[in-house]
Amino acid sequence: MDALLLRSLQSYVLDTFGAASWHEICRNAGQTAMTYEPMLRYEPGLADRVADLAALVLGRPVETIWEDVGTHLVTNPDSEGMRRLMRFGGLHFADFLHSLEELPGRARLALPDLDAPEISLDEVGPDRFELRCRSPLRATQRVLAGLVTAMADDYGALCLIEVGADDRTTISILDRRHAKARAFDLAMPEH
């Protein structure tokens, strides 16, 4: 999981803050290579340590950086495939939320060695959900919260998303049709 988080962090910093900031983060981390490969194995916890250094270099809280990474995963035009994969979760935002429990299993189909987090969702009231993300990496819950935030926008839903101190994130859907949802078709658009 560290490899995917590191590659996602790398992409986010390069796209948002530029190569100079990313090189400074890598130098501070003692990394000779300026790129992380998603299929390689890295020292457990390296993603959290590199993100702590990124927070210092960028002058932003590490929690905000990880949430922005999650948002970047689905809003970056170069990541249209990730957005499409997420939209296969259902026609409505609540359907999408229920599909999150399947995400680790789907990820393991593509990457059998992936140490994916355990994700569970409980509907605790009308349009109110509790999302749990169990992982040894601090980043995972925040990345998932950023991803959920971006997908709420994609579906046109207005939500209040609160990340708890433990492994729980509370999601309250305030308006299912707050804005027009982004277009989505099962078939890929032709170029």
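Residues numbered from 1 in each chain as written. Predicted model: local features only at pLDDT ≥ 70, side-chain atom pairs only at ≥ 80, totals over all residues. Heavy atoms only, no water.

Enquirer: Give a detailed account of the overall build of the chain, specifying residues and quantitative values.
Expert: Helix and strand content of the chain: 8 helices and 4 strands. The order of α-helices and β-strands along the chain, N terminus first, is α-α-α-α-α-α-α-β-β-α-β-β. Against the globule reference of 16 Å for 191 residues, the chain gives a C-alpha radius of gyration of 17 Å, in line with a compact fold. The principal-axis extents of the C-alpha atoms in the chain amount to approximately 50 × 45 × 35 Å. For the chain, the computed accessible surface area is about 10300 Å², with 53% contributed by carbon and sulfur atoms. Each charge class in the chain can be summarised by its mean position, and for the 20 positive and 30 negative side chains these summaries are 1 Å apart. (Helix = DSSP H or I, 4+ residues; strand = E, 2+ residues; numbered from the N terminus. Rg over C-alpha atoms; globule rule 2.2 N^0.38 Å. Areas by Shrake-Rupley, 256 points an atom, 1.4 Å probe, with all protein chains shown as cover. Lys, Arg positive; Asp, Glu negative; His and termini not counted. Charge placed at Lys NZ, Arg CZ, Asp CG, Glu CD.)

Enquirer: So what about helix H3 (residues 46-58)? Which residues, and what values?
Expert: The terminal C-alpha atoms of H3, which comprises 13 residues, lie 18 Å apart, in line with the 18 Å expected from a rise of 1.5 Å per residue. Within H3, burial applies to Leu 46, Ala 47, Asp 48, Val 50, Ala 51, Ala 54, Ala 55 and Leu 58. Where H3 is buried, its residues meet helix H1 (2-17), helix H2 (19-28), helix H4 (62-75) and helix H8 (139-155). Downstream of H3 by one or two residues, Gly 59 has phi in the positive range, about 70 degrees. (Expected span 1.5 Å × (residues − 1). Buried < 20%, exposed > 50% of the residue type's maximum accessible area, 1.4 Å probe, protein only. Contact = heavy atoms within 4.5 Å.)

Enquirer: Go over the sheet that holds strand E1 (residues 118-125) with me, naming the residues and quoting the values.
Expert: Pairing within the open sheet is antiparallel, and its 4 strands lie in the order E1-E2-E4-E3. Because the sheet does not close on itself, it has two edges, and the strands there are E1 and strand E3 (158-163). The average angle at which neighbouring strand axes cross in this sheet is 20 degrees, direction not considered. As paired strands, E1 and strand E2 (residues 128-134) are joined by 7 bridges and run antiparallel to one another. In the strand pairing of E2, Gly 125 is matched with Arg 128. (Pairing = 2+ DSSP bridges. Axes fitted to C-alpha atoms, helices over the stretch in contact; angles between N-to-C directions.)

Enquirer: Pulling in residues and values, what's your account of the packing of H1 against H4?
Expert: As a packed pair, H1 and H4 sit with axes 9 Å apart at the nearest point and diverge in direction by 85 degrees. Considering their axes alone, H1 and H4 lie roughly perpendicular with respect to each other. Packed against H1, whose contacting residues are Leu 5, Ser 8, Leu 9, Ser 11, Tyr 12 and Asp 15, the element H4 presents Ile 65, Trp 66, Asp 68, Val 69, His 72 and Leu 73 at the interface. Grouping the constituent residues of the contact of H1 with H4 by class yields 7 nonpolar, 3 polar and 2 charged. (Parallel < 35°, antiparallel > 145°, perpendicular 65-115°, else oblique. Nonpolar A, V, L, I, M, F, W, Y, C, P; charged D, E, K, R; others polar.)

Enquirer: Describe the layout of surface pockets, listing the residues and the values that go with them.
Expert: As a volume, the largest pocket reaches approximately 660 Å³. Met 1, Leu 4, Met 82, Leu 103 and Ala 107 are, among the 25 residues lining the largest pocket, the residues nearest its centre. Sorting the residues of the lining of the largest pocket by element identifies H1, helix H5 (80-87), helix H7 (103-110) and H8 as the ones contributing at least two each. Considering only enclosed or pocket space, the second largest pocket measures out at about 410 Å³ in volume. Of the residues that constitute the lining of the second largest pocket, the class distribution is 13 nonpolar, 2 polar and 4 charged. (1 Å grid on protein atoms, 1.4 Å probe; cavity = no way out; pocket = protein on both sides within 12 Å on 5 of 7 lines; lining within 4 Å. Points joined across faces, edges and corners; volume = space filled by probe spheres on them.)

Enquirer: Please give an account of the environment of Leu 46 that cites residues and values.
Expert: With respect to the helices and strands, the residue Leu 46 is situated in helix H3. Separated by 40 residues in the primary sequence, Leu 46 and Met 86 place their C-alpha atoms 26 Å from one another. Apart from residues no more than four positions distant in its own chain, Leu 46 is found in contact with Asp 2, Leu 6, Gln 31 and Tyr 36.

Enquirer: Hey, could you go over the packing of H1 against H2 for me, with residue numbers and the actual values?
Expert: Packed helices, taken two at a time, are described by their axes: the angle between them and the distance between them. Viewed as axis vectors pointing N to C, H1 and H2 meet at an angle of 140 degrees, and their least axial separation amounts to 7 Å. The pairing of H1 with H2 is recorded here as oblique in orientation. Facing Leu 6, Leu 9, Gln 10, Val 13, Leu 14 and Phe 17 of H1, the residues of H2 in contact are Ala 19, Ser 21, Trp 22 and Ile 25. By residue class, the composition of the contact of H1 with H2 is 8 nonpolar, 2 polar and no charged.

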